[in-house]
Amino acid sequence: MAHRKTSSMATTVNVDALRDRARALEALIIAEVGAFKASGKLAIRRQEYLIRPDFNLWYSVDPTLMNFEMATTEEDDWHWKDLESFLESQILEHEVCSQVTQVLQDGGRDTHLVRAFASRIAYDAALKETPELEQHIATLLRDATDSPLEYRARLWLTGITLDEDVVDVSDSLSFRRPTREDLQERVRAEAVPYAHAGFLGRIHFSCIADCKVSGRRPVELQRHIDQLITALRLFRLGSVSAARYDYHAESFSAFASGSFGGHEGVPRLAYTLSTSDRQKLLAALQVLMPVLPSSYELPEIKPNFLSTALGWYAESLLARGPTEGTIAWAVACLEALFLGDNPSTELSFRLTQRVIALLRCFGWAPLDMQRALKKSYEVRSKHVHGAISRKRSHEELGDLYRSIAQYARVSCLIWAQLLTERKRSDVLATLEGALIDDTANIRLQQWCKKVDFAQKP
């Protein structure tokens with residue numbers, strides 16, 4: 001097989017030539033598979049599978065869903081070693097296959113697509129009564145022209161529970177409770193003795209999100225999911241994370257399907273979604289997704305104060321350890337947002353004044369914020385300096401954490417929207433003057449009118 005052509009000049013695939021030659025290769029493969037069958041050399045066998053609970057998964061809302069019996073099933077299979085041997089001897093060295101390879105090579109595309117295409121056609125011709133041949137041609141053409149793929153992803157989420165079995169947000173996003181099919185795995189019978197899924201570690205989740213994303217590379221899917229998780233954390237106060245997500249796109253690329261491990265921490269807080277939330281969540285995602293930073297940006301961008309703040313906010317929601325630590329991370333989020341001009345003195349006072357100046361524009365009570373911020377800063381200072389506060393009960397610390405985490409959540413949400421039109425330095429200067437100067441306060445109020453989803457519930 002030829003290798004991928006490298007060139008400094010941009011090239012394109014001759015689509016008409018590729019289509020014609022791919023159809024000729026398809027006809028060759030079908031004929032050769034038919035001849036192989038007739039000769040008695042095609043070794044189709046019955047493959048037995050064990051259907052069992054996937055013990056990697058732990059549905060926190062109702063673990064009893066995992067209580068189902070194992071079952072077995074059988075289906076016809078052309079063992080991959082026998083299939084590879086057939087391709088090597090009958091197809092890959094044939095002139096027709098070489099012609100397809102040459103078209104891809106001339107267009108600067110990955111010639112390994114030919115092997116995957118040939119394997120799929122051969123397998124379907126051997127085992128299916130009506131192979132989806134035209135669909136395979138269309139898939140090869142899409143791969144060869146580097147057209148966008150439709151990735152379908154399944155996210156195992158924490159931090160969100162559902163009032164209903166399914167909450168459809170849009171044509172490309174829905175949330176649902178798991179089905180038995182989600183919670184089971186299929187293992188080849190011969191692999192059962194050593195395929196111990198439970199040894200890989202538990203994936204805790206409270207619901208599943210299904211999403212569709214158009215993109216040319218898996219990194220575009222990763223970026224979308226990264227921004228989606230952040231947006232869901234900002235929509236309401238919840239420890240939203242994806243411990244794992246699985247994806248698939250119709251493609252002959254080796255990277256078109258797979259799984260990514262996400263960030264899993266302690267799901268301290270959760271919120272509930274229902275169909276009545278659909279419109280508000282959809283509107284929030286449409287506003288937030290385009291303005292949120294991601295660690296999967298291409299080209300890579302340097303971290304800025306907003307990405308730093310969002311990192312501290314996520315840490316406060318998901319970190320292991322005492323509640324004092326989560327309060328400290330939430331305060332760190334606010335510091336990253338509001339102390340960017342590096343004031344050298346009265347840090348807690350300046351932080352409190354600026355947070356109050358901004359959030360009161362959205363109905364948050366200044367005196368309540370002042371009390372909560374003062375207590376939170378005291379807890380933060382003791383925690384980062386290694387002291388232990390015994391004055392507050394676990395319940396009081398929990399209430400304090402929820403208050404300060406709400407301020408962090410809403411502040412991140414506001415800043416992400418303000419930065420589309422304002423410089424950070426201008427916002428900080430206006431916040432500094434808004435509590436003592438009517439002109440600055442009016443200017444801040446006008447800016448905040450364009451910010452959505454920050455009103456106090």
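Residues numbered from 1 in each chain as written. Predicted model: local features only at pLDDT ≥ 70, side-chain atom pairs only at ≥ 80, totals over all residues. Heavy atoms only, no water.

**Regarding the pattern of salt bridges**
- Scanning the model with the defined rule gives 29 salt bridges in all.
- Of the charged contacts in the structure, one is a salt bridge between aspartate 246 and arginine 154, with a shortest N-O distance of 3.4 Å. With aspartate 246 in strand 11 (residues 241-248) and arginine 154 in strand 4 (residues 149-158), the pair connects residues that are 92 residues apart, well separated along the chain.
- The structure contains a network of salt bridges with shared partners spanning Arg154, Arg176, Asp182, Asp210, Arg244 and Asp246. (Salt bridge = Lys/Arg side-chain N within 4 Å of Asp/Glu carboxyl O. Helix = DSSP H or I, 4+ residues; strand = E, 2+ residues; numbered from the N terminus.)

**A look at the side chain of arginine 409**
- Within the secondary structure, arginine 409 sits in helix 12 (residues 394-418).
- Aspartate 277 provides the closest opposite charge to the buried, salt-bridge-free arginine 409, at an N-O distance of 12 Å.
- At 2.8 Å, the side chain of arginine 409 forms a polar contact with the side chain of glutamine 406.
- Setting aside anything within four residues of it in sequence, one finds arginine 409 in contact with Arg233, Leu234, Phe235, Arg236, Leu237 and Tyr313. (Buried < 20%, exposed > 50% of the residue type's maximum accessible area, 1.4 Å probe, protein only. Lys, Arg positive; Asp, Glu negative; His and termini not counted. Polar contact = N/O pair within 3.5 Å; in protein donor to acceptor, adjacent residues only side chain to side chain. Contact = heavy atoms within 4.5 Å.)

**Let's talk about the sheet that holds strand 6 (residues 166-170)**
- Across the sheet, which stays open at both edges, the six strands sit in the order 6-7-10-4-11-12 with antiparallel pairing between neighbours. Bordering the open sheet on either side are strand 6 and strand 12 (257-261), each of which pairs with just one other strand. Averaged over all pairs of adjacent strands, the angle between their axes in this sheet comes to 20°, without regard to strand direction. (Pairing = 2+ DSSP bridges. Axes fitted to C-alpha atoms, helices over the stretch in contact; angles between N-to-C directions.)

**Notes on the confidence of the model for the protein chain**
- Of the residues in the protein chain, 94% have a pLDDT of 70 or more, and the chain-wide mean is 91.
- Confidence over residues 1-10 falls short of pLDDT 50; this stretch has 18 contacts with residues more than four positions distant or in other chains. (pLDDT = per-residue confidence, 0-100.)

**Some details on the sheet that holds strand 8 (residues 184-188)**
- In space, the three strands of this open sheet follow the order 3-1-8, with antiparallel pairing throughout. This sheet does not close on itself; its edge strands, each paired only once, are strand 3 (71-78) and strand 8. Neighbour-to-neighbour, the strand axes of this sheet turn through a mean angle of 35°, independent of strand direction.
- In the packing of helix 4 (residues 112-127) onto the sheet, contacts are made with strand 1 (44-53) and strand 3, and the angle to strand 3 comes to roughly 110°.

**A few points about the layout of surface pockets**
- Counted as a void, the second largest pocket has a volume near 500 Å³.
- Taken together, 21 residues line the second largest pocket, and the ones lying closest to its centre are Asp110, Leu113, Arg217, Ser253 and Phe255.
- The class makeup of the residues in the lining of the second largest pocket is nine nonpolar, four polar and eight charged. (1 Å grid on protein atoms, 1.4 Å probe; cavity = no way out; pocket = protein on both sides within 12 Å on 5 of 7 lines; lining within 4 Å. Points joined across faces, edges and corners; volume = space filled by probe spheres on them. Nonpolar A, V, L, I, M, F, W, Y, C, P; charged D, E, K, R; others polar.)

**Comments concerning the nonpolar core**
- Within the largest apolar cluster, 93 residues are counted, with the highest numbers of intra-cluster contacts made by Leu155, Leu157, Ile160, Phe175, Leu358 and Trp415.
- With 14 residues, helix 12 is the single largest residue contributor to this core.
- Excluding its chain neighbours within four sequence positions, the residues that come into contact with isoleucine 160 are Phe175, Ser206, Cys207, Leu232, Val240, Ala270, Tyr271 and Leu273.
- Counting 35 residues, the second-largest nonpolar core is a separate cluster that includes Leu25, Phe36, Leu113 and Phe117. (Core = buried A, V, L, I, M, F, W, Y, C linked by side-chain atoms within 4.5 Å.)

**Section: the packing of aromatic side chains**
- For the coordinates displayed, the defined rule picks out 13 aromatic pairs.
- Measuring from centroid to centroid gives 5.6 Å for phenylalanine 117 and phenylalanine 252, while their planes differ by 90°, and the two rings are edge-to-face. Taken together, the positions of phenylalanine 117 in helix 4 and phenylalanine 252 in the loop between strand 11 and strand 12 put the pair 135 residues apart, joining distant regions of the chain. Comparing phenylalanine 117 with phenylalanine 252 shows no difference in burial state: the two are buried.
- Ring centres 5.4 Å apart and planes at 10° place the aromatic pair tyrosine 247 and phenylalanine 260 in the stacked group. Taken together, the residues tyrosine 247 in strand 11 and phenylalanine 260 in strand 12 connect sequence positions 13 residues apart.
- Among the aromatic residues, those joined into a cluster by ring pairs are Tyr151, Tyr245, Tyr247 and Phe260.
- Here the basic side chain of arginine 424 rests over the ring of phenylalanine 305, its NZ or CZ set 3.7 Å away from the ring centre. (Phe/Tyr/Trp six-rings, centres within 6.5 Å; stacked < 30°, edge-to-face > 60°. Lys NZ or Arg CZ within 6 Å of the ring centre and 35° of its normal.)

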